[in-house]
Amino acid sequence: MENARVKCYNCGHLIKDDFIYCPKCKVELKEKCKGCGKFINITWRNCPYCNAPNV
């Protein structure tokens, strides 16, 4: 896959950094921050944009 530099944390499939779901295993990779609404990695503890907790 062109520009695939990141691996899905669930299955290891190569994905693009801006994917919201893994096309192979369908796991959610990003979600909207409850504080600012920007998409952030689901595994992050806090939003890097507004520091809201990612609960």
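Residue indices follow the written sequence of each chain, beginning from 1 at its first position. Given that this is a predicted model, residues contribute local features only at a pLDDT of at least 70 and side-chain atom pairs are listed and counted only at 80 or more, while totals for whole chains, interfaces and linings are drawn from all residues. Note that the side-chain values use all heavy atoms of the structure and ignore hydrogens as well as water.

Caption draft 1: Summary view of the packing of aromatic side chains. Stacked, tilted and edge-to-face are the three classes assigned to paired rings of Phe, Tyr and Trp, where Trp is represented by its six-membered ring and a pair needs centres within 6.5 Å; plane angles under 30 degrees give stacked, over 60 edge-to-face, the rest tilted. Per the stated rule, a full pass over the model turns up 0 aromatic pairs. Two conditions define a charge located above a ring, namely a distance within 6 Å from the ring centre to NZ of Lys or CZ of Arg, and an angle within 35 degrees of the ring normal. Note that Lys38 overlies the ring of Tyr49, its terminal NZ or CZ placed 4.5 Å from the centroid.

Caption draft 2: Fine view of the confidence of the model for the protein chain. Confidence of the prediction at every residue is given by pLDDT, a number between 0 and 100. In the predicted model, the protein chain carries a mean pLDDT of 92, and the fraction of residues at 70 or more is 93%. Mean pLDDT across the elements of the protein chain bottoms out in strand 1 (residues 6-7) (91) and peaks in strand 3 (residues 30-32) (95). Every helix listed is a DSSP run of H or I at least four residues long, and every strand listed is a run of E at least two residues long, numbered separately from the N terminus.

Caption draft 3: Structural detail: the side chain of Lys30. On the secondary structure map, Lys30 appears in strand 3. N or O atoms within 3.5 Å of each other form a polar contact, as long as, within protein, one can give a hydrogen and the other can take it, and as long as residues adjacent in sequence are counted only when both atoms are side-chain atoms. Of the polar contacts made by the side chain of Lys30, one reaches the backbone oxygen of Asp17; its length is 2.6 Å.

Caption draft 4: Main features of the side chain of Asn54. With respect to the helices and strands, Asn54 occurs in the segment after strand 4 (39-41). Within the local environment of Asn54, its side chain forms a polar contact with the backbone oxygen of Asn41, the two atoms lying 3.4 Å apart. From its side chain, Asn54 meets the backbone oxygen of Ile42 in a polar contact 3.4 Å long.

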